[in-house]
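So the chains spell out like this:
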Amino acid sequence: MCTASCVKDELRNPECDITSAYAGVADAEKCFFQLSDTAASINADYAASVIQFQRVTPWADLSSAAPRFVLSDGAILYPESGTPRNFSNDTTHVYYCIAEDEIVLFRQICASGKPIEEQLAKASEAGRHIRMYYVQFKHSATDFAKVVEYNFEHFYLEPKKNKYYEWSDPDASGSMPAVANWATANVAYSIARSSAKPDEYPTTPVRGEGVDGGNAVKLTTCSTGEFGQLFGMPLAAGNLFLGTFDMSQALTNTMKATRFGDNITLDRAPMHITGYYKYFPGRQMISADGSAIDATDQPAIYCIVYRNHDENGNPVVVYGDNINDSKQIVARAEIKEFENNTNHWVPFDIEFTWYEQLDIELLMSKGYSYSIVCSSSKDGASYSGALGSALYVDNIKMYYY
């Protein structure tokens with residue numbers, strides 16, 4: 001009896017995550033270009049609690065969409081999963097995932113008579129186990145512009161902890177999208193070098209020194225310190241790519257963390273890419289084990305186009321471990337040789353090499369994705385490079401037929 005009375009109640013789960021999300025729309029075939037897109041991709045990066053249902057058709061009726069969610073064990077959602085809401089015109093709605101150990105607090109909030117969402121937001125900001133999620137249905141508006149320019153003028157400190165920079169381009173309306181189209185591995189570096197200041201990260205802005213006097217991006221191969229040595233990751237190459245970075249894979253399966261072209265689809269057939277760079281290689285190349293390599297570091301600037309669904313209709317993303325050999329890739333444009341140690345901006349113009357004919361029907365149904373990729377050390381994904389190697393990039397333009 002004494003033993004039984006001394007056993008404490010099992011601790012309640014403090015996790016407050018949405019682990020899966022489903023569109024919950026009537027006539028899904030009319031709402032999405034691909035049925036697989038009725039399940040949204042969940043990014044585990046805690047700095048970005050945004051869930052987007054991508055590749056929504058322009059004619060989709062979202063006036064009473066009722067998204068369904070799977071939550072952490074014991075957690076509850078407000079509003080409840082399956083609640084109809086008006087998501088028309090890219091409207092964003094907020095959901096609150098309340099951990100099992102905060103259910104008593106939630107009941108108190110509901111009984112208080114005060115606005116529930118306002119009280120949940122305050123509790124979340126105060127560090128309680130209540131996570132705010134922003135849910136959107138993102139329409140795929142066709143862009144028939146013959147040139148799309150990436151000038152890297154729009155950067156900002158990551159809003160959660162203000163430790164590193166992120167980049168994004170305005171959407172067609174001129175407003176900044178909820179999810180940045182450019183990604184970096186800066187969030188992973190924040191774990192390895194938590195004391196680093198924002199301008200000491202591998203990917204940083206260059207203010208007022210761009211091609212036209214505006215801003216540019218600097219990618220630097222940096223040491224990861226004792227933490228990186230412990231995990232066999234002695235350096236982090238500065239990188240910038242169209243897509244997303246999945247923080248949940250950063251330490252356990254780093255090649256899967258980089259999701260190239262994730263949620264970036266083509267509207268037209270690409271022809272060639274232009275831009276400007278400057279490159280300064282570091283003094284000594286090293287391998288992942290820290291040993292010296294008799295070679296000069298090289299950067300990378302290229303673009304891939306790939307089919308974003310396989311032959312069975314399953315969604316596909318290209319990762320760091322198959323960006324060079326994925327059978328989904330249909331075209332590639334790449335700088336083969338770089339000029340080193342130039343004080344002036346070097347222009348480039350690279351055409352696409354196509355491995356198969358472009359399928360127009362697939363193109364119109366948003367079946368192709370693409371990613372522009374830049375890195376200060378081309379072998380940085382395998383932790384080989386030269387510390388201090390620096391690649392500057394500006395005014396990248398993608399031309400379409």
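These numbers were taken from a predicted model, which means no experiment stands behind them.

Moving on to the overall build of the chain. A count of helices and strands for the chain gives seven helices and 28 strands. The C-alpha radius of gyration of the chain comes to 23 Å, within 12% of the 21 Å expected for a compact globule of 401 residues. Overall, the chain is about 75 × 55 × 40 Å in size when its C-alpha atoms are taken along their principal axes. The buried share of the chain, taken over its 401 residues, is 51%. With the model as given, the accessible surface of the chain reaches about 19600 Å², and the carbon-plus-sulfur share is 49%. Each charge class in the chain can be summarised by its mean position, and for the 32 positive and 50 negative side chains these summaries are 4 Å apart.

Now for helix α4 (residues 116-125). Regarding α4, the residues found buried are Gln 119, Leu 120, Ala 121, Ala 123 and Ser 124. Summarising the contacts, the buried residues of α4 are in contact with β5 (76-78), β6 (93-98), α3 (103-111) and β7 (130-139). Note on α4: the residue one or two positions beyond its end, Gly 127, has a positive phi of about 95 degrees.

Moving on, we come to the pattern of salt bridges. Within this structure, the stated rule accounts for 14 salt bridges. Linking Glu 100 and Arg 12 is a salt bridge whose minimum nitrogen-to-oxygen distance equals 3.7 Å. Taken together, the residues Glu 100 in the loop between β6 and α3 and Arg 12 in the loop between α1 (2-6) and β1 (18-22) connect sequence positions 88 residues apart. Residue Arg 12 is classed as exposed on the basis of its relative accessible area of 54%. Each member of the salt-bridge network shares a partner with another, and the members are Arg 332, Glu 334 and Lys 336.

The share of residues in the chain with pLDDT of 70 or more is 94%, and the mean pLDDT across the chain is 90. Across residues 1-9, where pLDDT falls below 50, the model places zero contacts with residues more than four positions away in sequence or in other chains.

This next bit is on the side chain of Ser 190. With respect to the secondary-structure elements, Ser 190 resides in helix α5 (residues 186-192). For Ser 190, a relative accessible area of 12% corresponds to the buried category. If we ignore the near neighbours within four places in the chain, the residues touching Ser 190 are Lys 163, Tyr 164 and Tyr 201.

Next up on the list: the packing of aromatic side chains. Here the structure, examined in full by the defined rule, presents 18 aromatic pairs. Both rings, one in Phe 352 and one in Trp 354, keep their centres 6.2 Å apart while their planes meet at 40 degrees; by these two values the pair is tilted. Residue classification places Trp 354 among the partly exposed residues on the basis of a relative accessible area of 29%.

Another point: the pairing of β1. Of the pairings in the sheet, the one linking β1 to strand β4 (residues 68-71) comprises four bridges and is antiparallel in character. Following the sheet pairing, Ala 21 is matched in β4 by Phe 69. In this sheet, strand β2 (residues 39-40) lies alongside β1 in antiparallel orientation, the contact comprising two bridges. The partner of Tyr 22 across the bridge, within β2, is Ala 39.

Any two packed helices are characterised by how steeply their axes cross, that is the angle between the axes, and by the distance between the axes. Remark: α3 packs on α4, axes separated minimally by 9 Å, with the N-to-C direction vectors making an angle of 145 degrees. Note on packing geometry: the crossing formed by α3 with α4 is right-handed. Residues Leu 105, Phe 106, Ile 109 and Cys 110 of α3 lie in contact with α4, whose contacting residues are Ile 116, Gln 119, Leu 120 and Ala 123. Its residues assigned to classes, the contact of α3 with α4 comprises seven nonpolar, one polar and no charged.

Analysis parameters
Within each chain, residues carry numbers counting from 1 in the order of the written sequence. In keeping with the predicted nature of the model, local features appear solely for residues at pLDDT of at least 70, side-chain atom pairs appear and are counted solely at 80 or more, and the whole-chain, interface and lining totals rest on all residues. To obtain the side-chain values, all non-hydrogen atoms of the structure were used and water was disregarded. Strands here mean DSSP runs of E at least two residues long; helices mean DSSP runs of H or I at least four residues long; both are numbered from the N terminus. The globule rule is 2.2 Å times the number of residues to the power 0.38, and the radius of gyration it is compared with is taken over C-alpha atoms. Buried residues are those whose accessible area, probed at 1.4 Å on protein chains only, stays under 20% of the maximum for their type, while exposed residues exceed 50% and partly exposed ones sit between those limits. Computed by Shrake-Rupley with a 1.4 Å probe, the accessible areas treat only the displayed protein chains as cover when residues are assessed. For this count, His and the chain ends are skipped, Lys and Arg are scored as positive, and Asp and Glu as negative. By convention, the point assigned to a charge is CZ for Arg, NZ for Lys, CD for Glu and CG for Asp. Two residues qualify as a contact provided that any one of their heavy atoms is within 4.5 Å of a heavy atom in the partner residue. A carboxyl oxygen of Asp or Glu within 4 Å of a side-chain nitrogen of Lys or Arg is what we treat as a salt bridge. One number per residue, pLDDT, summarises how confident the predictor is, and it ranges from 0 to 100. The rule is short: rings of Phe, Tyr and Trp, with Trp giving its six-membered ring, pair when the centres are within 6.5 Å, and they are stacked under 30 degrees, edge-to-face over 60, tilted in between. For two strands to be treated as a pair, DSSP must find at least two bridges joining them. To get an axis, a line is fitted to the C-alpha atoms, and for a helix only the part in contact is used. The angle between two axes follows their N-to-C directions and goes from 0 to 180 degrees. Should the near helix be turned counterclockwise from the far one by less than a right angle, the crossing is left-handed, whereas a clockwise turn marks it as right-handed. Ten residues, namely Ala, Val, Leu, Ile, Met, Phe, Trp, Tyr, Cys and Pro, are considered nonpolar, four, namely Asp, Glu, Lys and Arg, are considered charged, and the remaining ones, Gly among them, are considered polar.

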